[in-house]
Amino acid sequence: MLDDDKIIDLYFSRMEIAIAETRKKYGGRLFTVARNILFNKEDAEECVNDTLMKAWQHIPPKRPEMLGAYLSKIVRNLSINALQAKKAAKRGGDEVNLLLGELTECIASPHTPENTHEANEVTNALNMFLAKQEKTARVAFVLRYFHGESINNICTRFNMGESKVKSILFRTRKKLRTHLEKEGIAI
């Protein structure tokens, strides 16, 4: 399997094999993120395909520092947009609203052109915050709020009880809120 720099070089050379190599390396992860949000195999596959198309369209000129994180962000956003476009109260729709609702106490979510700069500040502050957290808290936070993993899946992954995982997530959100306030980011 190619490393990320070589895959990105393929994109810059405009070689279509870049898409195949990206799918081989990251397809499973991207599908899992999309499925955790959409709870629908076909819609998740479509979001993965759309993610690969967006990567093809945006690399170059962009050169992502972390290809996996870059692709995960794209698929997450596409999946949330697909869910909102359907305005479905399908199975799992409430779970995504729950995920986003849990974070609203820390991060406001309006996406307008005026808030682009603020969104970048929040992203930087979030990255700094997560870098300072214990590995378990950091990974649980990312799995829950970025990848949309269920509490039960996180419990299984860390071999912990539900109350322990919920406590870790609660404390991490509380610390995040304090960190953002210290950084001068309005909540």
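Above this text you will find the structure in question.
Cut-offs used in this document
Residues numbered from 1 in each chain as written. Predicted model: local features only at pLDDT ≥ 70, side-chain atom pairs only at ≥ 80, totals over all residues. Heavy atoms only, no water. Helix = DSSP H or I, 4+ residues; strand = E, 2+ residues; numbered from the N terminus. Contact = heavy atoms within 4.5 Å. Axes fitted to C-alpha atoms, helices over the stretch in contact; angles between N-to-C directions. Parallel < 35°, antiparallel > 145°, perpendicular 65-115°, else oblique. Left-handed = near helix turned anticlockwise from the far one by under 90°. Nonpolar A, V, L, I, M, F, W, Y, C, P; charged D, E, K, R; others polar. Buried < 20%, exposed > 50% of the residue type's maximum accessible area, 1.4 Å probe, protein only. Arc of directions from axis to C-beta. Polar contact = N/O pair within 3.5 Å; in protein donor to acceptor, adjacent residues only side chain to side chain. 1 Å grid on protein atoms, 1.4 Å probe; cavity = no way out; pocket = protein on both sides within 12 Å on 5 of 7 lines; lining within 4 Å. Points joined across faces, edges and corners; volume = space filled by probe spheres on them.

Engineer: Even after reading the chapter, I still don't get the overall build of the chain, so can you show me in this structure?
Structural biologist: Looking only at helices and strands, the chain has 9 helices and 0 strands in total. For the chain, the succession of helices and strands along the chain, N to C, is α-α-α-α-α-α-α-α-α. Here the contacts in the chain between residues at least 6 apart in sequence split such that 66% fall between residues at least 24 apart.

Engineer: What am I meant to see in the packing of helix α2 (residues 17–38) against helix α3 (residues 41–58) here?
Structural biologist: For any two helices packed against each other, one specifies the inter-axial angle together with the distance between the axes. Orientation of α2 relative to α3, taken along the N-to-C sense of each, is 135°, at an axis distance of 8 Å. Relative to α3, α2 is oriented oblique. Viewed along their axes, α2 and α3 form a crossing whose handedness is right-handed. Taking contact as the criterion, the partners of Ala18, Ile19, Thr22, Arg23, Leu30, Phe31, Ala34, Arg35 and Leu38 in α2 are, on α3, Lys41, Asp43, Ala44, Glu45, Cys47, Val48, Asn49, Thr51, Leu52 and Trp56. Here the contact of α2 with α3 is composed, by residue class, of 11 nonpolar, 3 polar and 5 charged.

Engineer: Honestly, helix α8 (residues 151–158) in this entry has me stumped. Any pointers?
Structural biologist: Residues lying three or four places apart along an α-helix face the same way, a consequence of the helix completing one turn every 3.6 residues. Those residues of α8 that sit buried are Ile151, Ile154 and Cys155. One face of α8 carries all of its buried residues, which in axial projection span an arc of 105°. Of the exposed residues in α8, the ones pointing more than 90 degrees away from its buried face are Thr156 and Arg157. Buried residues along α8 sit in contact with α7 (135–145) and α9 (162–182). Looking one or two residues beyond α8, the residue adopting positive phi is Asn159, at roughly 55°.

Engineer: How should the environment of Asn40 be read in this particular structure?
Structural biologist: Positionally, Asn40 belongs in the loop between α2 and α3. Residue Asn40 is classed as partly exposed on the basis of its relative accessible area of 21%. There is a polar contact of 2.8 Å between the side chain of Asn40 and the backbone nitrogen of Asp43.

Engineer: Please explain the layout of surface pockets as it appears in this structure.
Structural biologist: Rolled over the atoms, a probe with the dimensions of a water molecule shows which regions are left empty. Size it by volume and the second largest pocket reaches roughly 170 Å³. Gln133, Glu134, Thr136, Ala137, Lys164, Ile168, Arg171, Thr172 and Lys175 together form the lining of the second largest pocket. Elements supplying a minimum of two residues to the lining of the second largest pocket: α7 and α9. Looking at the lining of the second largest pocket element by element, the count peaks at 5 residues for α9. Of the residues in the lining of the second largest pocket, the class split is 2 nonpolar, 3 polar and 4 charged.

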